[in-house]
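# Remarks on the overall topology
Each chain, letter by letter, is given below.
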Amino acid sequence: MDRRKEELEKKRQKLAELRRAREERRAVFESQSNQTQSSSSTSASKDRKAIDELVALVLGERPSTPSTGAVSDRGSDTGSEFTASRPASSNFGYSIPGTPVSESNGHRSSIASQPAAPATPVSAPRYVAELTDFQTVLADIPPLEQVVYSKEIQTSEGSFDAPQRSEDEIRQEIMDELELQEKQRQAQLEEERKRAELEKIEEFQDLTEEEKKLIMTSPEFLQFVDTSSKFVERALNETYDFMKDYTLGIDVDSDENTGKRVKFVCDFWDEKWSRNRSVTDVNWSTKYPELLVSSHNKNPATVNEPDGVALVWNLHLMDRPEFVFHSQSDVLSVMFSKFHPNYVIGGTYSGQIVLWDTRAKSLPVLKTPLSAGGHTHPVYSLEMVGTQNAHNLITGSTDGFVCSWQLDMLAQPQDYLELLHPSHNKTDEVSVTCLGFPDNETTTFWVGTEEGNIYQAGRYDQAGSKAGINQTDTYKGHYGSVTGLHFHPLYGSVDFSDLFLTCSVDWTVKLWRAKSASKTSSQPTNVTPLYSFEHADDYVYDVKWSPSHPALFGSVDGNGQFDLWNLNADTEEPFVSTSVGSGRALNKLAWDKEGNKTAIGSSDGRVYVYDIGEIANAKPEDWHLLQKNVSEMIANQENPGK
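A quick note: this is a predicted structure, and the numbers were derived from the prediction, not measured. (Residues numbered from 1 in each chain as written. Predicted model: local features only at pLDDT ≥ 70, side-chain atom pairs only at ≥ 80, totals over all residues. Heavy atoms only, no water.)

So, on to the overall build of the chain. Summing up its helical and strand segments, the chain has eight helices and 29 strands in all. Counting across all 642 residues of the chain, residues that qualify as buried make up 37%. Only carbon and sulfur atoms are counted for the fraction: they give 52% of the accessible area of the chain, which is about 39,700 Å². (Helix = DSSP H or I, 4+ residues; strand = E, 2+ residues; numbered from the N terminus. Buried < 20%, exposed > 50% of the residue type's maximum accessible area, 1.4 Å probe, protein only. Areas by Shrake-Rupley, 256 points an atom, 1.4 Å probe, with all protein chains shown as cover.)

Take a look at the structure:
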C-alpha cells in the first residue's frame, strides 16, 4: 500500500509540472502573437506607401504647384501625409541627380502636413525624373507558420504506462521463465534423489538380532505373512490348467468314468492343531463349496493349547487350515450356519454353544453361559431350522434337554424342552446323542438316545399331543447307543422325506419310516425298522443320505471303512467299500452341497476328501425304482410271515 501511494504522489507532481509548463508556453505564445500583429500592421502600411510613391514616380505625375488644392488624383486616396511621409528614393534604390535637397527632403511630411498660407503663392522647384537601369533581386520568403494548440493535455495516451513490448521480447521473456522453472525443478529432483539415496542407505542397514526377533514376533507381521501366504498357496494349489482345452473331451481321468470306484482327493492335517486330536465332526459350507470345517477334542500331550479347536479347511489350501478357532472345552459338534456364511457354530463337552466368525479372531464372538439356563452336559447334535428371516438353532445334549437359540442372543435359550420318558430304568431323562428334522419341518423332530431307542418329539403343544416326547411310539431296533440319524432330503419327483437312517454301536445301519405326527398311536407301540444293513464288523459311527442320488447313502465305521450303499442295486452288500487312511476309526461323514464329494473325519486327526464321481449321478428312473423297493420293504414289515 505504501508503495502504491508513493507512485500516485509522483504522478500528481508530474501532472502539476506539466500544467505549469503549459501555462508558460501559452504566455510566451500570446506575447509573440501580439508583437507579430503590431509589426505586420506597421510594415503593411509602409509597404503601401512605398508602392504608391514608386508608381507615381514611374508615371511622372507630380503636382505643378505646391498649392493646397493641387493634389494628384492618384495620391488623393492616400492623402498628403503619405506623399510627405514617403521616404527618400535612396531607400528604394533610386537616384535623382540634380535635385536640390533641402533639410526637409527626408521628411516631407512635416511640410505637407502644415497648413498652406492662404495669401502668398509659392512656386515649387520642378523635378525631372531620371530613369536608370537596376537589377531586381527576388527573395522567396516563406510565410510565417502559425502554430495552433488545442486545450487538451499535450501528453500522449498511456505515457505513464509501461512501454509496449514486441512479440519477440515477450516470447524471449517466457522462454527465460520456463528455462528458470526447469532449472529449479531439476535442482529439486536432484535434491530429492540425493535425499532418497541417503534414506535408502540408512534403511538398508543391517538389523540386529533383537530387532529381527522383535519384527518377526510382532502381531502385525505375523498376520500379514499368514494372510498373504494363503493367497499364494491357493494359487499354487489350483489344479485348473488354463492352457488346456477342456471342451475337447480327451484326457479325462478314468477314475471318474469307472462305475464302482471313488477317487481320493486329499487329506487335511496340521502338525500343531491335528496331532493327538480326534475329529469329532465335519461339515461343508453351503455358501463356499471349497470350505469345510472339522471339530477336534483335547490334546492330552499339551497343557498350554486350548482344549477344543475348530479348523476351517480350503480345498485350494492343502498344507494348513484357513482359519483356526479356539474353545475352552472339547468341541464335539460343529456346523456352518446355513444363513450366515461367516458363522461357525460349535457344541462343546461342557455344554456351551460357541459362535465363531471368520471375520474376527480365533476366540468365539458369542457363547452360552455355564449355568442352568442352557446345557450342562456334552452337546452332540446341532440343527438349523427355519428360513432366512426366521430360523433357530436346535441343540440336543445328553442332559435330556433340547434348546432353541437365536444366533444373535446366546445368553439364554429361546425355548427350553426337557425330554422325559417313564420307561427308563434309572431316570426319566432321555440322553440325546443325535437328532434330526425332516425337510420343511420345524416343530417335529426325532432323537436317538444312549439306550438305543429313537423317539418322536415336538417343540410345541399341538392338537392331540403336548410338547416333548411322544410317549406312545418308540422306535426300537438298535441294541446300543445311536450314533447317527439323518432324514432323506426332499428333492426329486417322489417325496421320501419320511425315510431316515440310523447307525449304532451295535454294528448296524437301519432304515426307518417315520410315522406322521398327526397319526400317533393311542397306546404304547414299538415301531420296527424297514431294513437293517449288517455288513459292518465294528461300530458304525455315522450315516448320511446323498443329496443328489435318492437311493445312495454312505456310512463310516470303526475299522476305517467307507461304505456307499445303493438301495436300487443291492441291500445286502455296499455298492462301493473303501478303506480310508491308516485304518483308524472314522468318526464322521459329510456330503457337500452338490453330492459329488464327501469329507470323512478320522480318529487320527485327519480329514479325508473323496470324489464320488458318476456314482452320485442319479438317473430319472431311480426315484421310481426306490419307491418300488421301499414299498416292498413296507409290505415285508407289515406281513413278516410272507
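Back to the text.
Positive phi, normally seen in glycine, also occurs at Asn-276, with a value near 60°. Its location among the elements puts Asn-276 in the loop between strand 1 (263-268) and strand 2 (279-284). Phi is positive for Trp-507, which is not a glycine, with a value near 75°. Here Trp-507 shows up in the loop between strand 19 (499-504) and strand 20 (509-513).

What follows covers the sheet that holds strand 25 (residues 561-566). Reading across the sheet, the four strands line up as 23-24-25-26 and stay open at both edges, with antiparallel pairing between neighbours. Every interior strand has two partners, whereas the edge strands, strand 23 (540-545) and strand 26 (576-579), have only one. Sheet twist, expressed as the mean angle between neighbouring strand axes with direction ignored, is 15°. (Pairing = 2+ DSSP bridges. Axes fitted to C-alpha atoms, helices over the stretch in contact; angles between N-to-C directions.)

Oppositely charged side chains can form a pair if their charged atoms are brought close together. Counted by the stated rule, this structure contains 21 salt bridges. With a shortest N-O distance of 3.8 Å, Glu-23 and Arg-26 are connected by a salt bridge. One end of the pair is Glu-23 and the other is Arg-26, both in helix 1 (residues 2-59) and three residues apart, which spans about a single turn. With a relative accessible area of 37%, Arg-26 lands in the partly exposed category. Salt-bridge contacts for Arg-195 lead to Glu-191; the nearest nitrogen and oxygen are separated by 3.5 Å. Highlighted residues: Arg-195 and Glu-191, both in helix 4 (residues 167-203), separated by four residues, approximately one helical turn. Assessed through its relative accessible area of 48%, Glu-191 is described here as partly exposed. (Salt bridge = Lys/Arg side-chain N within 4 Å of Asp/Glu carboxyl O.)

What follows covers the nonpolar core. For soluble globular proteins, nonpolar side chains are generally found buried alongside one another. Leu-501, Val-509, Leu-511, Phe-533, Phe-553 and Leu-567 are the most contacted members of the largest nonpolar core, which totals 24 residues. Going through the elements one at a time, strand 19, strand 20, strand 22 (531-533), strand 23 and helix 8 (622-638) are the ones with two or more residues in this core. Among the elements that make up this core, the one with the highest residue count is helix 8 (five residues). Every residue in contact with Leu-501, bar those within four places of it in the chain, is listed here: Gly-484, Leu-485, His-486, Val-509, Lys-510, Leu-511, Phe-533, Val-543, Trp-545 and Phe-553. Formed by 16 residues, the second largest nonpolar core is a distinct cluster that contains Val-262, Phe-562, Tyr-608 and Tyr-610. (Core = buried A, V, L, I, M, F, W, Y, C linked by side-chain atoms within 4.5 Å. Contact = heavy atoms within 4.5 Å.)

Nonpolar side chains collect at one region of the surface, where Leu-207, Ile-215, Met-216, Phe-221, Leu-222, Phe-224 and Val-225 lie side by side and expose about 640 Å² of accessible area between them. Considering every element that reaches the nonpolar patch, the biggest residue donor is helix 6 (residues 219-236), with four residues. When its relative accessible area of 41% is taken as the criterion, Ile-215 is described as partly exposed. (Patch = residues over 30% accessible without salt bridge, like charges linked within 9 Å, V, L, I, M, F, W, Y side chains within 5 Å.)

Under the criterion given, the structure shown has 21 aromatic pairs. With centroids separated by 4.6 Å and ring planes inclined at 35°, the aromatic side chains of Phe-401 and Tyr-416 adopt a geometry described as tilted. With Phe-401 in strand 12 (residues 401-405) and Tyr-416 in strand 13 (residues 415-418), this residue pair connects regions lying 15 residues apart in the sequence. Residue Phe-401 is classed as buried on the basis of its relative accessible area of 13%. With a centroid separation of 5.9 Å and 75° between ring planes, the pair formed by Tyr-475 and Trp-512 is classed as edge-to-face. A residue pair is termed long-range when its members are at least 10 positions apart, and Tyr-475 in strand 17 (residues 468-475) and Trp-512 in strand 20 qualify at 37 residues. (Phe/Tyr/Trp six-rings, centres within 6.5 Å; stacked < 30°, edge-to-face > 60°.)

What follows deals with helix 6. Here helix 6 spans 26 Å end to end across 18 residues, near enough to the 26 Å set by a 1.5 Å rise per residue. The inward-facing, buried residues of helix 6 contact strand 5 (323-327). (Expected span 1.5 Å × (residues − 1).)

Another point: the environment of Met-318. Of note, Met-318 is situated in the loop between strand 4 (308-314) and strand 5. In this structure the C-alpha to C-alpha distance between Met-318 and Phe-268, which are 50 residues apart in sequence, comes to 6.4 Å.

Bringing the sheet that holds strand 8 (residues 353-357) into the picture now. Ordered in space as 6-7-8-9, the four strands form an open sheet in which the pairing is antiparallel. A single partner strand is all that each edge strand has here, and the edge strands are strand 6 (331-336) and strand 9 (366-367). Taken together, the five bridges between strand 6 and strand 7 (residues 343-348) define a ladder with antiparallel strand orientation. Pairing of Val-334 across the sheet is with Gly-346, part of strand 7.

By the secondary structure assignment, Thr-433 is in strand 14 (residues 432-436). Separated by 2.6 Å, the side chain of Thr-433 and the backbone oxygen of Val-482 make a polar contact. Leave out the neighbours within four places in its chain, and Thr-433 touches Tyr-380, Ser-381, Gly-448, Thr-449, Glu-450, Ser-481 and Val-482. (Polar contact = N/O pair within 3.5 Å; in protein donor to acceptor, adjacent residues only side chain to side chain.)

Relative to strand 11 (residues 391-397), strand 10 (residues 379-386) runs antiparallel, the two being bridged by seven bridges. What sits directly across from Val-385, in strand 11, is Asn-392. Linking strand 10 back to strand 11 in an antiparallel pair, the connection comprises four residues.

Mapped onto the elements of the fold, Trp-591 is located in strand 27 (residues 586-591). The exposure class of Trp-591 is buried, given its relative accessible area of 10%. Counting along the chain gives 308 residues from Trp-591 to Asn-283, while the straight-line C-alpha distance between them is 7.9 Å. Of the polar contacts made by the side chain of Trp-591, one reaches the backbone oxygen of Lys-544; its length is 3.3 Å.

The buried count for strand 7 comes to six of six residues, which makes it a mostly enclosed element. What sits between the antiparallel neighbours strand 6 and strand 7 is a turn of six residues. Across five bridges, strand 7 lies against strand 8 in antiparallel orientation. Within strand 8, the residue paired with Ile-345 across the bridge is Leu-355. What sits between the antiparallel neighbours strand 7 and strand 8 is a turn of four residues, in which Gly-351 has the positive phi angle 100°.

This part takes up the confidence of the model for the chain. When the pLDDT values of the chain are averaged, the result is 80; 79% of them are 70 or greater. Across residues 63-122 the pLDDT falls below 50, and counting only partners more than four positions away or on other chains, this stretch makes 46 contacts in the model. In the predicted structure, residues 250-258 sits below a pLDDT of 50 and forms nine contacts with residues beyond four places in sequence or in another chain. (pLDDT = per-residue confidence, 0-100.)

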